[in-house]
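What follows is each chain in one-letter form.
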Amino acid sequence: MQQTKRRVIALVDCNSFYVSCERLFRPDLKRAPVVVLSNNDGCIISRSTEAKQAGIKMGEPLFKAKYLIDKYKVKVFSSNYELYGDLSRRVMKVLKNFSPDIEFYSIDEAFLDLTNIQIDNIEAYIKNIREVILRWIGIPVSIGAASTKTLAKVANHVAKKSQKGVEEFISKDQSYVDEVLKTFPVREIWGIGKQLSKFFINNNFHNAFQLKSVDNSWVRKNSSVVVLKTIHELNNICCFPLNFSYTARKNCIVSRSFGEKIIEINDLKEAVVNHCITAAERIRSEGLIVKSVYVFIKTNKFKDGYTSLVKKIDLPIATNNTLELVNVCSKAVDSIYVKGLSYSKAGVLFGELEVKDNYEKNLFSHLNQNLDYLMKVIDDTNVKFGRGTVSVAAARINNNYKMKRSHSSKIDTSFLKFVPIVKTG
Ligand SMILES: [Mg+2]
């Protein structure tokens, strides 16, 4: 007999995502220990299971892990965000086929609302999603399904450890779920950070089961509304609905530390202009326009005489046009640059973003239409022939400002020349 409809939320999480992306083009590393480094080859930010087993810690600086890396012959990659971004988009696109109600939670995670989808066997359904992603994209994922986001996160943890790679609480008895919650540490619960978990442990709540049984009035008195919501979610009451308005972000920031220090204004400008182009492409692809632009340049903050210079520009008319924005950013560098300093970081922040269609047409909109068309042609050309095929002259490519990437796989799936050739026979 059909019961009242229960919510079904699935959390899809890519396994060791950056490592999986690199492995996609290096099948020889399938069972080898692999790590990926953060910007400028600083810290370890993604580890394969084998690297975890070798004792390499998350977030550890490269030099500290050197001994283990040598000992276990760990393969090291610099981060390649173009590749990860592209593969992330492909995974998300496939996921959309399984439910139109999707929240892109991070580069390697998405919540799917499956409530309105006719499903006979929930485990078979999510298992199929997993297999399709693996077959079509080549990225392994884990999927947890439950009636709330917080429980879907717990189910996902279980999925990660199981052979099947999937776990669902929907068809299970409450006693089964409670047994899982009893083994689930408070600090692992979604939204309970390090500080909060200390507070709860001090008050003798060690696992998710203990926390879900806590007296609500005690929580209200001693903690926050968000924690109360989390506790409701552990009790199958949905308090965190899916957020579909993924374009509604308010800011877009693009910044990088330089591989080597920069002194000359033209090199700084080049970096800022390239960040500006990237940010403009990003907001255009999301149908947004920008009202205020911040440009910043900084010296090394760990050295004496740390200097951070910022310029804010309020645009008379909001735009997403690269030519206008490059012009504004370039002038901003002129106005804040101080000679004689050695800069280690530059960036661009687009603030007060708005959805373009909501923005009232202004006096100059007939002029903008031509510029819009130009931008569309540039974006389409770059999608077709590879990033940076068409750009603006100020973004001359001399690589001075580029990040340190000594271990990069250099694969960019938007460039045909990087697609590996498979030999048969
Ligand atoms: Mg992940």
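Residues numbered from 1 in each chain as written. Predicted model: local features only at pLDDT ≥ 70, side-chain atom pairs only at ≥ 80, totals over all residues. Heavy atoms only, no water.

Draft legend 1. The sheet that holds strand E6 (residues 109–113), seen in detail. Spatial ordering of the open sheet is given by E5-E6-E1-E7-E8, a layout of five strands whose pairing is mixed. The sheet is open, and its two borders are formed by strand E5 (102–106) and strand E8 (166–168), each paired with just one other strand. The average undirected angle you get between the axes of adjacent strands in this sheet is 15°. Relative to E6, E5 runs antiparallel, the two sharing four bridges. Bridged to Ile102 within E6 is Leu112. The strands touched by helix H5 (residues 122–136) within the sheet are strand E1 (9–14), E6, strand E7 (141–146) and E8, with E8 carrying the most contacts at an inclination of about 155°. (Pairing = 2+ DSSP bridges. Helix = DSSP H or I, 4+ residues; strand = E, 2+ residues; numbered from the N terminus. Axes fitted to C-alpha atoms, helices over the stretch in contact; angles between N-to-C directions. Contact = heavy atoms within 4.5 Å.)

Draft legend 2. Quick peek at the nonpolar core. Grouped together as the largest cluster of nonpolar side chains are 40 residues, with contacts concentrated most on Leu95, Leu112 and Ile129. Counting only elements with at least two residues in this core, the list comes to E1, helix H1 (17–24), strand E2 (34–37), helix H4 (81–96), E6, H5 and E7. In terms of residues, this core owes the most to one element, H4, which gives seven residues. Two domains each put at least three residues into this core: domain 1 (9–13 + 85–234) and domain 2 (17–83). Among all residues touching Leu95, those that are not within four sequence positions of it are Val12, Ile102, Ala110, Leu112, Ile129 and Ile133. Core analysis: the second largest hydrophobic core is formed by 34 residues, Leu309, Val328, Cys329 and Tyr337 among them. (Core = buried A, V, L, I, M, F, W, Y, C linked by side-chain atoms within 4.5 Å. Buried < 20%, exposed > 50% of the residue type's maximum accessible area, 1.4 Å probe, protein only. Domains from an automatic or database assignment.)

Draft legend 3. How the structure looks around the side chain of Glu60. Structurally, the position occupied by Glu60 is in the loop between helix H2 (49–53) and helix H3 (62–71). As a buried residue without a salt bridge, Glu60 has its nearest oppositely charged side chain in Lys57, at a separation of 5.0 Å. Setting aside residues up to four positions removed in sequence, Glu60 forms contacts with Cys43, Ile44 and Ala65. (Lys, Arg positive; Asp, Glu negative; His and termini not counted. Salt bridge = Lys/Arg side-chain N within 4 Å of Asp/Glu carboxyl O.)

Draft legend 4. Quick peek at the pattern of salt bridges. Applying the stated criterion across every chain yields a total of 16 salt bridges. Its salt-bridge partner being Asp86, residue Arg90 comes within 2.9 Å of it at the nearest N-O pair. With Arg90 and Asp86 both in helix H4 and four residues apart, this pair spans about one turn of that helix. Among the residues examined, Asp86 registers a relative accessible area of 13% and is labelled buried. We note a salt bridge from Lys149 to Glu103, for which the minimum N-O separation is 2.7 Å. Of the two residues, Lys149 is situated in helix H6 (residues 149–161) and Glu103 in strand E5; the sequence distance between them amounts to 46 residues. Judged by relative accessible area, Lys149 falls into the buried class, the value being 4%.

Draft legend 5. Just the sheet that holds E2, in detail. Pairing within the open sheet is mixed, and its three strands lie in the order E3-E2-E4. Bordering the open sheet on either side are strand E3 (44–47) and strand E4 (75–77), each of which pairs with just one other strand. Averaged over all pairs of adjacent strands, the angle between their axes in this sheet comes to 25°, without regard to strand direction. In this sheet, E3 lies alongside E2 in antiparallel orientation, the contact comprising three bridges.

Draft legend 6. The packing of aromatic side chains, seen in detail. Scanning the model with the defined rule gives 13 aromatic pairs in all. Ring geometry for Phe111 versus Trp190: centroids 5.6 Å apart, planes at 50°, classification tilted. You can see Phe111 sitting in strand E6 and its partner Trp190 sitting in the loop between helix H7 (174–182) and helix H8 (194–202), a full 79 residues away along the chain. Under the relative-accessibility criterion, Trp190 is labelled buried at 19%. Geometrically, the ring pair formed by Trp190 and Phe240 is edge-to-face, given 5.9 Å between the ring centres and 85° between the ring planes. Here the residue Trp190 occupies a position in the loop between H7 and H8, and Phe240 occupies one in the loop between helix H11 (225–234) and strand E9 (252–262), the gap between them amounting to 50 residues. The same class applies to Trp190 as to Phe240, namely buried. The ring centre of Phe111 lies 4.8 Å from the NZ or CZ of Lys149, which sits over that ring. Directly above the ring of Phe209 sits Lys182, whose terminal nitrogen or CZ lies 4.8 Å from the centroid. (Phe/Tyr/Trp six-rings, centres within 6.5 Å; stacked < 30°, edge-to-face > 60°. Lys NZ or Arg CZ within 6 Å of the ring centre and 35° of its normal.)

Draft legend 7. Region of interest: the coordination of the magnesium ion. Asp13 (OD), Cys14 (O) and Asp108 (OD) make up the full set of protein donors to the magnesium ion, lying at 2.2 to 2.5 Å. On the primary sequence, the residues serving as donors to the magnesium ion are separated as D-C-x93-D. No difference in accessibility class separates Asp13 from Cys14, as the two residues are buried. (Donors = N, O, S within 2.8 Å, 3.2 Å for Na, K, Ca; no water.)

Draft legend 8. The arrangement of the pairing of E6 in detail. A large share of E6 lies buried, amounting to five of its five residues. Alternating positions in E6 separate into two faces, Glu109, Phe111 and Asp113 on one and Ala110 and Leu112 on the other, with burial throughout. In terms of strand pairing, E1 meets E6 through five bridges, oriented antiparallel. Opposite Ala10, over in E6, you have Leu112 as the bridge partner. With antiparallel pairing between neighbouring strands as the criterion, E5 and E6 make up a hairpin whose turn holds two residues.

Draft legend 9. Layout of helix H12 (residues 265–285). Look at H12: 30 Å from first C-alpha to last across 21 residues, which is about the 30 Å you get at 1.5 Å a residue. Counting buried positions along H12 gives 15 out of 21 residues, so the element sits mostly inside the fold. In the segment just after H12, Gly287 is the residue with positive phi, at about 70°. (Expected span 1.5 Å × (residues − 1).)

Draft legend 10. Up close: unusual backbone geometry. Phi at Lys73 takes a positive value of approximately 50°, unusual for a residue other than glycine. Considering the arrangement of structural elements, one finds Lys73 in the loop between H3 and E4. Even without being glycine, Asn204 reaches a positive phi, approximately 70°. Structurally, the position occupied by Asn204 is in the loop between H8 and helix H9 (208–212).

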